[in-house]
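# Coordinates in review
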Amino acid sequence: MQSIVVRAISFLLMVVLAYLLKIVGVFKKEDGYALSRVMMNITLPCAIINSFSSASFSGKMLIFILIGLGVNLLFLLISFLFSKNGTREDKIYYTLCLPAYNIGCFTLPFASSMMGPQGALAVCLFDSGNAIQCVGLDYAIAKSMVEEKKSKKNILLMLKPLLKVPSFVSYVVFITLALLKVSVPNEIYTFTNIVSGANGPIAMFMIGLLLEPHFDKKALRKTFNVLVIRYAVAILLGIVLYKTLPFSYEIRKAAVIVLFSPISSASPSFTLSLNGDTALAGTVNSLSIMISIVIIPLLVILL
């Protein structure tokens with residue numbers, strides 16, 4: 001327990017340190033984007049691959065892919081209810097900011113360091129279902145809702161870039177290998193184990209450098225709506241999954257914690273692409289990170 005507490009506090013301190021170093025001018029926000037590219041293309045794929053090295057994989061664990069996709073679809077349905085009679089900006093905001101989780105850049109570093117191999121694998125599988133909406137499906141749906149010419153090609157065109165995302169390709173390849181019981185050379189896991197060790201620190205420093213809390217009083221109600229819904233659903237689903245999933249304590253704990261992941265980091269960018277309210281999207285995104293960065297370490301310690 002003591003080691004878990006120390007690790008959790010260390011992760012928080014990395015975020016605080018990076019944020020303070022940005023304030024005093026040692027680093028700039030742009031440095032966070034550079035770290036993001038390193039993480040997304042190198043350390044995160046290695047962390048995903050490494051999670052398959054020491055965890056026992058069974059076909060029934062594929063349920064976490066369906067859970068990841070299902071939870072996102074639930075949020076998508078809720079977003080339709082909130083934006084049904086709303087403005088164009090409302091439709092973009094709720095469709096892009098209510099569903100989708102930032103797992104690879106945020107929750108996976110915690111899982112890899114503090115939840116054990118089975119817990120990390122469960123988080124990875126959940127994220128593979130989440131990635132379908134996070135990387136393109138939500139954007140395609142939002143775009144079709146606000147454009148006059150609605151085309152089915154939008155969704156297909158937006159899902160195509162998934163094949164160029166290293167983390168998603170890693171999920172597909174290694175889940176397939178695990179299902180086919182194809183052994184992977186130990187040398188590959190030796191390499192990914194070394195590189196994946198840097199994923200946590202890089203991710204925390206990146207979050208600290210990119211964190212820019214904005215508090216827009218005019219948008220308080222919309223921000224409140226999204227945050228309350230996301231964390232209320234996380235509590236309810238977390239209780240259900242923890243009590244009903246036929247898995248070990250380690251895996252059920254991971255299933256609960258991943259539900260408290262912050263909003264996808266791609267949401268503000270997609271909002272900008274559709275000429276939506278980027279200030280509002282950035283505000284709710286930053287606040288969700290600040291909330292999750294407190295809740296997730298606490299859950300790791302207390303559960």
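Everything here concerns the structure above.
Cut-offs and rules
Residues numbered from 1 in each chain as written. Predicted model: local features only at pLDDT ≥ 70, side-chain atom pairs only at ≥ 80, totals over all residues. Heavy atoms only, no water. Helix = DSSP H or I, 4+ residues; strand = E, 2+ residues; numbered from the N terminus. Contact = heavy atoms within 4.5 Å. Core = buried A, V, L, I, M, F, W, Y, C linked by side-chain atoms within 4.5 Å. Buried < 20%, exposed > 50% of the residue type's maximum accessible area, 1.4 Å probe, protein only. Axes fitted to C-alpha atoms, helices over the stretch in contact; angles between N-to-C directions. Parallel < 35°, antiparallel > 145°, perpendicular 65-115°, else oblique. Left-handed = near helix turned anticlockwise from the far one by under 90°. Nonpolar A, V, L, I, M, F, W, Y, C, P; charged D, E, K, R; others polar. Phe/Tyr/Trp six-rings, centres within 6.5 Å; stacked < 30°, edge-to-face > 60°. Lys NZ or Arg CZ within 6 Å of the ring centre and 35° of its normal. Salt bridge = Lys/Arg side-chain N within 4 Å of Asp/Glu carboxyl O.

## A word on unusual backbone geometry
For Ala 100, which is not a glycine, the phi torsion comes out positive at approximately 75°. Mapping Ala 100 onto the fold places it in the loop between helix H4 (88-97) and helix H5 (103-114). The backbone of Asn 275 sits at a positive phi, close to 60°, despite the residue not being glycine. Positionally, Asn 275 belongs in the loop between helix H13 (267-273) and helix H14 (278-302).

## Quick look at the environment of Asn 102
Along the chain, Asn 102 falls in the loop between H4 and H5. Residues in contact with Asn 102, not counting those within four places in the same chain, are Thr 107, Ser 261, Pro 262, Ile 263, Ser 264 and Ser 265.

## What about the nonpolar core?
A general trend in soluble globular proteins is that nonpolar side chains are found buried together. Of all hydrophobic cores here, the largest spans 77 residues; its most connected members are Phe 52, Phe 64 and Leu 259. Counting residues per element, this core draws most heavily on H14, at 10 residues. If we ignore the near neighbours within four places in the chain, the residues touching Phe 52 are Phe 57, Leu 121, Phe 174, Ile 175, Ala 178 and Tyr 189. Counting 7 residues, the second largest nonpolar core, distinct from the first, contains Ile 92, Ala 142, Val 146 and Leu 274.

## Some details on the packing of helix H2 (residues 29-54) against helix H8 (residues 166-179)
When two helices pack together, their arrangement is given by the angle between the helix axes and the distance between those axes. Interhelical geometry of H2 versus H8 gives an angle of 20° and a closest axis separation of 9 Å. What the angle tells us is that H2 and H8 run roughly parallel. Between H2 and H8 lies a crossing whose hand is right-handed. Residues Met 40, Asn 41, Leu 44, Pro 45, Ile 48, Ile 49 and Phe 52 of H2 lie in contact with H8, whose contacting residues are Pro 166, Ser 167, Ser 170, Tyr 171, Phe 174, Ile 175 and Ala 178. Classifying every residue of the contact of H2 with H8 gives 11 nonpolar, 3 polar and no charged.

## So, the packing of aromatic side chains
The final tally for this structure, using the stated rule, is 7 aromatic pairs. Between Tyr 101 and Phe 126, the aromatic rings sit 5.7 Å apart at their centres with planes inclined by 65°, giving edge-to-face as the arrangement. Here Tyr 101 is found in the loop between H4 and H5, whereas its partner Phe 126 is found in helix H6 (residues 116-146), with 25 residues between them in sequence. Grouping residues by exposure puts Tyr 101 and Phe 126 together as buried. Above the face of the Phe 75 ring, Arg 230 is positioned so that its terminal group lies 5.6 Å from the ring centre. The ring of Tyr 101 has Arg 230 sitting right over it, with the charged end atom 4.7 Å from the ring centre.

## Notes on the environment of Val 195
Examined against the element boundaries, Val 195 turns out to sit in helix H9 (residues 186-196). For the pair Val 195 and Ile 42, spaced 153 residues apart in the sequence, the C-alpha separation amounts to 7.9 Å. Setting aside residues up to four positions removed in sequence, Val 195 forms contacts with Ile 42, Thr 43 and Cys 46.

## Describing H5
Because each turn of an α-helix spans 3.6 residues, side chains separated by three or four positions in sequence point in the same direction. The buried count for H5 comes to 10 of 12 residues, which makes it a mostly enclosed element. One or two steps after H5, the chain reaches Gly 116, where phi turns positive at roughly 80°.

## A closer look at the pattern of salt bridges
The final tally for this structure, using the stated rule, is 1 salt bridge. Note that Asp 90 is salt-bridged to Lys 222, the shortest N-O span being 2.6 Å. You can see Asp 90 sitting in helix H4 and its partner Lys 222 sitting in helix H11 (residues 220-244), a full 132 residues away along the chain. Of the residues examined, Asp 90 reaches a relative accessible area of 13% and is grouped as buried.

Honestly, that's just the spatial picture; any functional story needs more than this.
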